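# A structural walkthrough
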Amino acid sequence: MRSFMSKYSSHCYALMRIVVGFLFLWHGAQKLFGFPVGMPGDVPAFITYVAGPIELIGGILVMIGLFTHWAAFITSGQMAVAYWMVHGTQALLPIQNNGELAVLYCFVFLFIASQGGGIWSVDSLRSGGRGKGS
């Protein structure tokens with residue numbers, strides 16, 4: 001039996017991609033511009049200058065659906081690295097080490113990398129709207 005929402009799966013995927021990209025870009029804005037809230041003073045510079053651009057640019061690209069496969073793959077990898085550098089050294093489980101957000105971003109971006117831009121994406125417009133995995 002098909003779910004009553006199954007006919008909206010491409011729309012729900014597009015909304016998820018847009019919202020996840022939008023939320024992620026603000027982590028980069030925070031690191032690079034101190035906006036909307038500043039970073040704590042003890043954050044290493046490489047986190048600001050390496051993670052910040054990946055988060056800001058990657059979040060924008062995922063949100064608008066441009067070069068989605070690559071942008072999401074890179075941001076997924078960045079979140080995996082962030083988890084093991086910051087959280088994974090503190091405790092085994094994400095609920096213990098406050099790494100749940102990093103894990104969720106990592107796997108949501110991995111899923112987006114496998115699916116592509118989908119509808120409502122620049123990738124879809126560039127390919128003439130030829131399909132879900134554009």
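Scroll up for the structure.
So, a few notes on the structure that sits alongside this text. What you see as residue numbers is a count from 1 along each chain, following the sequence as written. It should be noted that, the model being predicted, local features are given only for residues of pLDDT at least 70 and side-chain atom pairs only at 80 or more, the latter also being counted only at that level, while totals for whole chains, interfaces and linings use all residues. No hydrogens and no water enter the side-chain calculation; it runs on all heavy atoms of the structure.

### Structural notes on unusual backbone geometry
To keep things clear, this is the line we draw: The helix count covers DSSP runs of H or I at least four residues long, the strand count covers runs of E at least two residues long, and both are numbered beginning at the N terminus. Partly exposed describes any residue whose relative accessible area lies between the buried limit of under 20% and the exposed limit of over 50%, with all areas from a 1.4 Å probe on protein chains only and scaled to the type maximum.
A cis geometry characterises the amide bond from Phe35 onward to Pro36, with omega recorded as 5 degrees. Even without a glycine there, the phi angle at Phe67 is positive, about 50 degrees. Mapped onto the elements of the fold, Phe67 is located in the loop between helix H2 (45–64) and helix H3 (68–87). Here Trp120, not a glycine, exhibits a phi torsion of approximately 55 degrees, which is positive. We classify Trp120 as partly exposed; its relative accessible area is 47%.

### Some remarks on the pattern of salt bridges
Just so we agree on the cut-off: Salt bridge, as used here: a side-chain nitrogen of Lys or Arg that lies within 4 Å of a carboxyl oxygen of Asp or Glu.
Enumeration according to the criterion identifies two salt bridges in this entry. We note a salt bridge from Lys31 to Glu55, for which the minimum N-O separation is 2.9 Å. You can see Lys31 sitting in helix H1 (residues 9–33) and its partner Glu55 sitting in helix H2, a full 24 residues away along the chain. By relative accessible area, Glu55 is classed as buried at 3%. Linking Arg126 and Asp123 is a salt bridge whose minimum nitrogen-to-oxygen distance equals 3.6 Å. Of this pair, Arg126 and Asp123 both sit in helix H6 (residues 122–126), three residues apart, which is roughly one turn of that helix.

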